[in-house]
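# Descriptive analysis of the structure
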Amino acid sequence: QGQFRESGGGSVQPGGSLRLSCAASGARLDLYDIAWFRQTPGQEHEGVACIVGYKDDTFYEDVVKGRFIISRDKAKGTVDLQMNNLKPEDTAVYYCAAVHRCGSTPYTPWGQGTQVTVSS
């Protein structure tokens, strides 16, 4: 099991954009289904987006569909999440993790996460 690390979070106004990046030590992310999750206080981790290993099909939670794009940066070996038209309800700590299949829970430990704050 690799150690996942997330980066790219920050504070942005509604309608703004951020690009998150997911990397892992000791693992090739292109071999696995990788998902982005987010968590707000008192809530469970919510799956946001997922990219399938090998063939790179993508899936999105309805609330982010059309605004978020998950992709692989093959040169860097990362899985990125481009977030556009951000809304206050997108505020959360964002995590990435490997999943057996897009739509399932992760089988790797949660990393540190990266905070995304959307406010006026």
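Before reading further, recall that the structure is shown in the block above.
Values in this document were obtained by computation on a predicted structure and should not be read as measured data.

## Some details on the environment of Thr 114
Here Thr 114 shows up in strand 10 (residues 114–118). Residues Thr 114 and Gly 10 lie 104 residues apart in sequence; the distance between their C-alpha atoms is 7.9 Å. Of note is the side chain of Thr 114, whose polar atom sits 2.9 Å from the backbone nitrogen of Gly 9.

## A short note on the pattern of salt bridges
Taken as a whole, this structure holds 8 salt bridges when the rule is applied. Salt-bridge contacts for Asp 57 lead to Lys 55; the nearest nitrogen and oxygen are separated by 3.6 Å. The salt bridge partner of Asp 56 is Lys 74, with a shortest N-O separation of 3.3 Å. A residue pair is termed long-range when its members are at least 10 positions apart, and Asp 56 in the loop between strand 5 (46–51) and strand 6 (58–60) and Lys 74 in the loop between strand 7 (68–73) and strand 8 (78–83) qualify at 18 residues. Asp 56 sits in the partly exposed class, given a relative accessible area of 24%. The class of Lys 74 is exposed, set by a relative accessible area of 65%.

## A look at the nonpolar core
Formed by 25 residues in total, the largest nonpolar core has its most connected members in Trp 36, Leu 81, Met 83 and Tyr 94. At the level of secondary structure, the elements contributing two or more residues to this core comprise strand 3 (18–25), strand 4 (33–39), strand 5, strand 7, strand 8, strand 9 (92–99) and strand 10. Core analysis: the next-biggest nonpolar cluster, separate from the first, contains 7 residues, Ala 35, Phe 37, Cys 50 and Cys 102 among them.

## Some details on the sheet that holds strand 7
Strand order in the open sheet made by the 4 strands is 1-3-8-7, with antiparallel pairing throughout. Every interior strand has two partners, whereas the edge strands, strand 1 (3–7) and strand 7, have only one. Strand-to-strand twist of the sheet, defined as the mean angle between neighbouring strand axes without regard to direction, takes the value 20°. Here strand 7 runs beside strand 8; their pairing, made up of 6 bridges, is antiparallel. When the bridges of strand 8 are listed, Asp 73 appears paired with Thr 78.

Definitions and limits used
- Residues numbered from 1 in each chain as written.
- Predicted model: local features only at pLDDT ≥ 70, side-chain atom pairs only at ≥ 80, totals over all residues.
- Heavy atoms only, no water.
- Helix = DSSP H or I, 4+ residues; strand = E, 2+ residues; numbered from the N terminus.
- Polar contact = N/O pair within 3.5 Å; in protein donor to acceptor, adjacent residues only side chain to side chain.
- Salt bridge = Lys/Arg side-chain N within 4 Å of Asp/Glu carboxyl O.
- Buried < 20%, exposed > 50% of the residue type's maximum accessible area, 1.4 Å probe, protein only.
- Core = buried A, V, L, I, M, F, W, Y, C linked by side-chain atoms within 4.5 Å.
- Pairing = 2+ DSSP bridges.
- Axes fitted to C-alpha atoms, helices over the stretch in contact; angles between N-to-C directions.

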